[in-house]
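Architecture and fold: a report
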Amino acid sequence: PNANIALDYYIDQGAVGGSEININTFGLGDLYLQPVWLTWDKNKFSTTFSYGLWMPTGRYEADGSENVGLGYWSHNLRVAERFKPTPSTALTGALTYEINSKQKDVDFTEAPHLTFDYAASYNFTMGHELGLFGFG
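Counted according to the given criterion, the structure contains 5 aromatic pairs. Both rings, one in F133 and one in F135, keep their centres 6.2 Å apart while their planes meet at 35°; by these two values the pair is tilted. The exposure classification of F133 matches that of F135, with both residues exposed.

What follows is the structure in C-alpha cells.
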C-alpha cells in the first residue's frame, strides 16, 4: 500500500486502538496511461506536449484504511520546454494542469491544479549527471 496509509491512520485516530490496519496488505495501485506524447526539436530547443490519464483501478473503499487506489479519474495535460545551450548542459521547465473527477462514494473532488517543474543539469564525460530540480 502507499506510504500515506500509515500517516492517515495515525492522524485520523480518535482514540488509541480505534481502528486496525493490516500492514501486510498488497495490491496494485491506479493505472496511468499516457496515449499522447509529442515532441518537436529545433536547434537547441525541444518542446513536448503530453496527455495522461490516471484510471481508478486500484482497490479503493470510502474511509478504508487499506486503499491502494485514489478512487477517482485524473486527467493531466503537460507542456515542457528544454534548452541546451551546450551539449552537456540543459535547462528544463514544465507546466502540468490536472483535472480530477469526483471521488467514488465520497462527496469530494480534488480541485484542479497547475504545477510548475524546473531543472538544470550538467552531463559529465563518463555519463554521470548532476542536476537541480524544483517544483511548485
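Its place among the elements puts L31 in strand β1 (residues 31–42). Its relative accessible area of 43% is what places L31 among the partly exposed residues. Residues L31 and P56, 25 residues apart in the sequence, show an inter-C-alpha distance of 6.8 Å. Residue contacts for L31: discarding those within four places in its chain leaves L53, W54, M55 and T57.

With that settled, the discussion passes to the sheet that holds strand β2 (residues 45–55). Read across the sheet, 6 strands follow the order β1-β2-β3-β4-β5-β6 without closing on themselves; strand pairing throughout is antiparallel. One side of each edge strand has no neighbouring strand; the edge strands of this open sheet are β1 and β6 (129–135). Sheet twist, expressed as the mean angle between neighbouring strand axes with direction ignored, is 15°. Across 10 bridges, the pairing between β1 and β2 is antiparallel. Within β2, the position partnered with T39 by the bridge is T48.

Before going further, it helps to spend a moment on the environment of Y122. By the element assignment, Y122 lies in strand β5 (residues 113–123). Linking Y122 and L91, residues 31 residues apart in sequence, is a C-alpha distance of 9.3 Å. Excluding its chain neighbours within four sequence positions, the residues that come into contact with Y122 are S88, T89, H128, E129 and L130.

Rules of the game
- Residues numbered from 1 in each chain as written.
- Predicted model: local features only at pLDDT ≥ 70, side-chain atom pairs only at ≥ 80, totals over all residues.
- Heavy atoms only, no water.
- Phe/Tyr/Trp six-rings, centres within 6.5 Å; stacked < 30°, edge-to-face > 60°.
- Buried < 20%, exposed > 50% of the residue type's maximum accessible area, 1.4 Å probe, protein only.
- Helix = DSSP H or I, 4+ residues; strand = E, 2+ residues; numbered from the N terminus.
- Contact = heavy atoms within 4.5 Å.
- Pairing = 2+ DSSP bridges.
- Axes fitted to C-alpha atoms, helices over the stretch in contact; angles between N-to-C directions.

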